[in-house]
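# Report on the structure
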Amino acid sequence: MVGAGHDPPLRVYMQMYIQDLGLIDYQTAYAFQKATVQKVIEGGQATLILCEHAPVFTLGRIATEENFLVQRATLEAQGATVCRINRGGEVTFHGPGQLIAYPILNLNYFSKDLKLYMGKLEQVAVDLLQYFGIVAHRFSGRTGVFCGGRKIATIGIGVRRWVSFHGMAVNVSTDLGFFSMIKPCGLDVQMTSMSKELGRSVELKEVKEKFIEYFCLNFNLELHLRGVV
Amino acid sequence: MMVEVKLPELGEEIKTAIVSCVYAKVGDCLKEGDDIVELTTDKATFNVSATRTGVLKKILVKEGDEVLIGQTLAFIE
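Here goes a summary of the coordinates provided.

Turning to the side chain of B:K43, a few remarks are in order. Within the secondary structure layout, B:K43 lies in the loop between β4 (35–41) and β5 (44–49). Lacking a salt bridge, the buried B:K43 has B:D42 as its closest oppositely charged neighbour, with an N-O distance of 5.2 Å. Beyond its immediate chain neighbours, meaning those up to four positions away, B:K43 contacts A:G88, A:G89, A:M118, A:T143, A:K151, A:I155, A:G156, A:I157 and A:C185.

Have a look at this one:
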């Protein structure tokens, strides 16, 4: 387990723009990410894209079909689509009730260290969960955030010209049944959610506000503007 | 003049990466910043782009290759 607490601040207070896309299909959100990456490469402001996806299984660059435990037709019958994408990592599921965060940051202003960046994303989730009374932790050698042996947040990133895209998914009240159709991240790991851990319904809206707060804290960013779709 | 395109440092703990996509081919006219190859390391992908405008003369790697940090991936003239 990685020690508690925060890494030393890397840079003090840049401004960040929040773009909340609400419930959106994967491909539309990806097109938005790509356009935002280009803006940030050209000097635009750091942006945190937040959203929820319609049910989708995404396969990262190292994903293999063997990690699907059911036929494609079964997935589709449940209303889910399948996308192969250019993030790192294996197969995972995204769906309603899951907070998706796509930080589009120029890592030249933070740290040009991919593991350090992912570690800071994990710390945002650990802090967020702690606020809601859930004890969560990071493991060295295993990306993501865990409650005991159960995984509650997953990470997969892409970096182009040192600008980050893709990011992190936190299960708030996700239908965990979808994860039983795959080996999440290629592992025999049980997935969990905030609702399951707390034994009560948790609203995505309240989690989102706290996520923004802890994201700003961990990355030394100041909330600047919120976009409205 | 031939310019080398190398895999940059990706952080303290990362020593190697796997070539997961080759975007450009020999003979392509590249602008500075155009993607040449994508590398994967565990949960991250990283695009290596043209360090200057020119013609892609050589690509030394293919999909599936494991490359070391600092290794030359391509030449631009």
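Attention now goes to the nonpolar core. Buried together is how nonpolar side chains tend to be arranged in soluble globular proteins. Residues A:M194, A:F211, A:F215 and B:I36 are the most contacted members of the largest nonpolar core, which totals 66 residues. When residues of this core are assigned to their parent elements, the largest contribution, nine residues, is made by helix α3 (residues 114–131) of chain A.

All names here are of chain A. Tallied over the full model, the rule gives ten salt bridges over all chains. Of the charged contacts in the structure, one is a salt bridge between E122 and R138, with a shortest N-O distance of 3.2 Å. Taken as a pair, E122 in helix α3 and R138 in strand β7 (residues 137–139) lie far apart in primary sequence, 16 residues in all. With relative accessibility at 6%, the residue E122 sits in the buried group. The residue E213 makes a salt bridge to K210 at a minimum N-O spacing of 2.9 Å. One end of the pair is E213 and the other is K210, both in helix α5 (residues 204–219) and three residues apart, which spans about a single turn.

Reading guide: rules and limits
The numbering scheme is per chain: residues are counted from 1 as the chain's sequence reads. Each chain is given a letter, starting from A, and each ligand a number, starting from 1, according to the order in which they appear as written. Owing to the predicted nature of the model, reporting of local features is limited to residues with pLDDT of at least 70; listing and counting of side-chain atom pairs is limited to 80 or more, with chain, interface and lining totals taken over all residues. Side-chain numbers here rest on the full set of heavy atoms in the structure, without hydrogens or water. For the purposes of this entry, the term helix denotes a DSSP run of H or I that reaches at least four residues, the term strand denotes a run of E that reaches at least two, and both are numbered from the N terminus. Exposed residues in this analysis have more than 50% of their type's maximum accessible area, buried residues have under 20%, and partly exposed residues fall in between, with area computed by a 1.4 Å probe over protein chains only. Charge convention: Lys and Arg are scored as positive, Asp and Glu as negative, and His as well as the terminal groups of each chain are ignored. The term salt bridge refers to a pairing of a side-chain nitrogen on Lys or Arg with a carboxyl oxygen on Asp or Glu at a separation within 4 Å. Residue contacts follow a heavy-atom distance rule, with two residues in contact if any of their heavy atoms lie within 4.5 Å. For our purposes a nonpolar core is just a set of buried Ala, Val, Leu, Ile, Met, Phe, Trp, Tyr and Cys residues, chained together by side-chain atoms within 4.5 Å.

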